[in-house]
Amino acid sequence: MVARTVSRGRVIGPVESLHVERSGADMAESSRGPAWRRISKDVGGAAVTVARAAGRAALHPRSTIDRARHLPETVPLLGQAVKPILTGRVDDWRGEYAYTLGEQAFVYGFPYIYNAQLRHDWVTQPRNPSTIPYAPVNHFWHAEQLIDATYRDGGCPSNDTLYSAAWVNLDEEPVILSHPDMGDRYFTFELVGITSDNFDYVGQRTTGSGGGSFALVGPRWQGELPSGIRRLKPAPSPWILVLGRTLVNDPHDVPRVRECQEQYRLTPLSLFGEPDAAVPESRDVLTPIPAADDPLGPWKTLNAMLAENPPPAHHDVLLQQFAQIGIGPDLDVEAQPDSVKQSLIRAAAIGVPLLRRQILSGDWARHVNGWRYPPSQIGRFGDDFLKRAADQSLVGIAANDPAEAVYLFNFEDADGNKLACDGQYRLCFAVDALPPVDAFWSLTAYGEDMNLIPNPADRYSIGDRTSGLRRDADGGLTIRLQSEPPRQDGEGNWLPTAKDGTWFVVLRMYRPRPEVIDATWECPPLTRVT
């Protein structure tokens, strides 16, 4: 196995696997948290300290001056952030400008950085292949079982479908995606560019359930396709992510879904039509540089990813600004002055906490009974870089187009209070007000790390296919959300929640009807009962 690594913002390699394999301890660390947690983990604590101190300084300048005289030398970033507020003077204009521009560059570049880590993990790092993606480039990985709490890569995974995933390189030639006749089973292949924006779909809704072959075509390829192959919209980047979802009706249905998955194919055009063609198994992908190894690592990774996946031409004016601080395709961030480099380290430290707070703020959504209805642009936020980074890439790796699926997030109860680990809640649907969908719906709870919540019942979602649900006397449906099993009425309508820490829920509606998309159907609130 070979891989590429990043050095001074450039791709070099190939290098022997000895230089890129992680130790067992490193791999264990990788499995303990999602990829985004490792982007700037070493300076995350300082970032929080900086943000809090800056806020105190603005509100209480005199007391902050006294504290600042005794700032510990171990938190240099704190002093840099607070000093201009205290003195009203900027001694290093270049460093401060690099910081403000660096924040914008981080928001712009986050999907590139995140996907570099995710791609590397899914292509080169075997962990638990039954539930965590691991496959060579241009090969499908298929989940062998429904995802459970052993998966810790974040992204709010679904517990309703068996996932299929593939990192596909379209730089040299198209790759043909093929699937069998799917009958009436719901399935979809979401096609995602490197920035987390969707560019097309294959599936029940868009291309039909009959078997077919579809060409994934890179941005520069201009050739002709053989007859019988349907050409999809061109990919916006040479590297893309294919996210497949195949509905599982119940645990006994898993073997039938696995039979379908085994017939999904990715075949380079040059091999298409050859009987039993063996697709080469390459694991040659760029190795991102963790901030723990190099505080400028995220920026070096970004520069290499921008070179590998050139941004669209209309972003040139923005990239020209970023180039002033060493950010851009093939640029060398190490060549920048020390003050600029220190500011970029500070910007990267603040970046992920900033994006997480934006998600939690709910500013991106329309609020109805605490539920956050996504804007119509979700899945293709494009030049809205903040929403693209936070509400699309960070929160879910990618986001479905609303016509395919709508996910409603909820972090609070009917009174506007955050969902508490010691609380018991109810979600009550009237008999004529269940989620209106043409495919299926489900409700899932997640912890603050955006993973499923471990629980002794191994239950992670409730929906229209859940066996044992009990209807109310009037025909409605009440779901009970709490950390311990209900003492009354059994576990049939119970969705386990976190015993400690922050948690939230996601209501998924696949092939939602128009009243969901335009928010005229209003999901009832979560009501706290104890």
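Here is what the cut-offs are and how they apply
Residues numbered from 1 in each chain as written. Predicted model: local features only at pLDDT ≥ 70, side-chain atom pairs only at ≥ 80, totals over all residues. Heavy atoms only, no water. 1 Å grid on protein atoms, 1.4 Å probe; cavity = no way out; pocket = protein on both sides within 12 Å on 5 of 7 lines; lining within 4 Å. Points joined across faces, edges and corners; volume = space filled by probe spheres on them. Helix = DSSP H or I, 4+ residues; strand = E, 2+ residues; numbered from the N terminus. Nonpolar A, V, L, I, M, F, W, Y, C, P; charged D, E, K, R; others polar. Axes fitted to C-alpha atoms, helices over the stretch in contact; angles between N-to-C directions. Parallel < 35°, antiparallel > 145°, perpendicular 65-115°, else oblique. Left-handed = near helix turned anticlockwise from the far one by under 90°. Contact = heavy atoms within 4.5 Å. Expected span 1.5 Å × (residues − 1). Bend = angle between axes of the 7 residues up to and from the residue. Core = buried A, V, L, I, M, F, W, Y, C linked by side-chain atoms within 4.5 Å. Buried < 20%, exposed > 50% of the residue type's maximum accessible area, 1.4 Å probe, protein only. Pairing = 2+ DSSP bridges. Polar contact = N/O pair within 3.5 Å; in protein donor to acceptor, adjacent residues only side chain to side chain. Phe/Tyr/Trp six-rings, centres within 6.5 Å; stacked < 30°, edge-to-face > 60°. Lys NZ or Arg CZ within 6 Å of the ring centre and 35° of its normal. Salt bridge = Lys/Arg side-chain N within 4 Å of Asp/Glu carboxyl O.

A. Expanded view of empty space enclosed by the protein. On inspection of all chains with the given rule, the structure shows four cavities of 30 Å³ or more. As a volume, the largest cavity reaches approximately 410 Å³. Forming the walls of the largest cavity are 32 residues, and the residues nearest its centre are G155, C156, R245, G396 and A398. Put simply, the parts of the chain that give the lining of the largest cavity at least two residues each are β4 (161–169), β10 (239–247), α10 (385–396), β15 (405–410) and β21 (503–512). With five residues, the top contributor of residues to the lining of the largest cavity is α10. Residue composition of the lining of the largest cavity, by class: 24 nonpolar, five polar and three charged.

B. Expanded view of the packing of helix α5 (residues 93–124) against helix α8 (residues 316–323). In contact at an axis separation of 10 Å, α5 and α8 are set at 135° when each is read in the N-to-C sense. The orientation of α5 with respect to α8, classified from their angle, is oblique. In the packing of α5 onto α8, the handedness of the crossing is left-handed. When α5 is examined against α8, the residues Y97, L101, Q104, A105 and Y108 are found in contact with a partner set consisting of L318, L319, Q321 and F322. The residue makeup of the contact of α5 with α8, split by class, is seven nonpolar, two polar and no charged.

C. Highlighting helix α9 (residues 338–361). Taking 1.5 Å of rise per residue, 24 residues should cover 34 Å, and α9 covers 34 Å from first to last C-alpha, within 8% of that figure. Along α9, the sharpest change in direction is near 30° and occurs at G351; proline P353 comes one to four residues later.

D. Just the nonpolar core, in detail. Membership of the largest hydrophobic core comes to 81 residues, with the highest contact counts inside it found for W299, I327 and F409. Looking at which element gives the most residues to this core, the answer is α5, with 15 residues. If we skip the residues at most four places from it in the chain, F409 touches C156, W364, G370, W371, R372, V395, F504, V505 and V506. Counting 30 residues, the second-largest nonpolar core is a separate cluster that includes V368, A420, L481 and M509.

E. Broad picture of the sheet that holds strand β7 (residues 198–203). Here five strands make up an open sheet; going across it, the order is β3-β4-β10-β6-β7 and the pairing antiparallel. At either end of the open sheet lies a strand with only one pairing partner, and these are β3 (141–142) and β7. Pairing of β3 with β4, which is carried by two bridges, proceeds in the antiparallel orientation. Looking across to β4, one finds that W141 is bridged to A165. This element, α5, spans β4 and β10 of the sheet and lies at about 105° to β4. Contacts from helix α6 (residues 254–261) reach β3, β4 and β10 within the one sheet, and its direction differs from that of β4 by about 20°.

F. Expanded view of the sheet that holds strand β17 (residues 437–447). Taken in spatial order, the six strands line up as β13-β14-β15-β21-β17-β18 in an open sheet, and their pairing is antiparallel. Single-partner strands in this sheet number two, and they are β13 (366–368) and β18 (461–463). Strand after strand, the sheet turns through a mean of 25° between neighbouring axes, direction not considered. Pairing geometry for β13 and strand β14 (residues 371–373), over three bridges, is antiparallel. The residue bridging V368 from the neighbouring strand is W371, located in β14.

G. Seen up close, helix α7 (residues 297–308). Spanning twelve residues, α7 covers 17 Å between terminal C-alpha atoms, matching the ideal 16 Å at 1.5 Å per step. By the criterion of burial, α7 is predominantly enclosed, with eleven of the twelve residues buried.

H. Region of the structure containing the packing of α5 against α10. Two elements in contact, α5 and α10, have axes whose closest approach is 7 Å; the angle formed by their N-to-C orientations is 30°. By the criterion of interaxial angle, the relationship of α5 to α10 is roughly parallel. In this structure, α5 meets α10 at a crossing whose hand is left-handed. Here V107, Y108, F110, P111, Y112 and Y114 of α5 come into contact with α10, specifically with F385, L386, R388, A389, S393 and L394. A breakdown of the residues in the contact of α5 with α10 according to their chemical character gives ten nonpolar, one polar and one charged.

I. Spatial organisation of unusual backbone geometry. Of note in this structure, M450 is not a glycine but carries a positive phi near 65°. Take M450: it is sitting in the loop between β17 and β18. The phi dihedral of R511 falls on the positive side, at around 55°, and the residue is not glycine. Tracing the sequence through the fold places R511 in strand β21.

J. Looking closely at the environment of R265. Secondary-structure assignment places R265 in strand β11 (residues 265–268). We classify R265 as partly exposed; its relative accessible area is 44%. In this structure R265 touches F140, I176, L177 and S178, once residues within four positions along its chain are discounted. Of note is the side chain of R265, whose polar atom sits 2.5 Å from the backbone oxygen of E262.

K. Representation of the side chain of N198 within the structure. Position of N198 relative to the elements: it lies in strand β7. Given a relative accessible area of 5%, N198 falls into the buried group. Side chain to side chain, N198 and E190 meet in a polar contact 3.4 Å long. A distance of 2.7 Å separates a polar atom in the side chain of N198 from the backbone oxygen of A399. For N198, the contacting residues outside a window of four places in its chain are E190, L191, V192, G379, R380, A398, A399, N400 and D401.

L. Quick look at the packing of aromatic side chains. Taken as a whole, this structure holds 21 aromatic pairs when the rule is applied. Of the aromatic side chains, those joined through ring pairs into one cluster are W364, F409, F411, Y446 and F504. For the cation-ring pair, R119 lies above W239, with the distance from its terminal atom to the ring centre recorded as 4.4 Å. It is R346 that lies over the ring of Y99; its NZ or CZ is 4.0 Å from the centre.

M. Expanded view of the pattern of salt bridges. Applying the stated rule across the entire model yields 21 salt bridges. Across the salt bridge formed by E190 and R245, the nearest N and O atoms sit 2.9 Å from each other. Of this pair, E190 sits in strand β6 (residues 187–193) while R245 sits in strand β10, and the two are 55 residues apart along the sequence. Judged by its relative accessible area of 0%, E190 falls in the buried class. Taking relative accessible area as the criterion, R245 reaches 5% and is therefore assigned buried.

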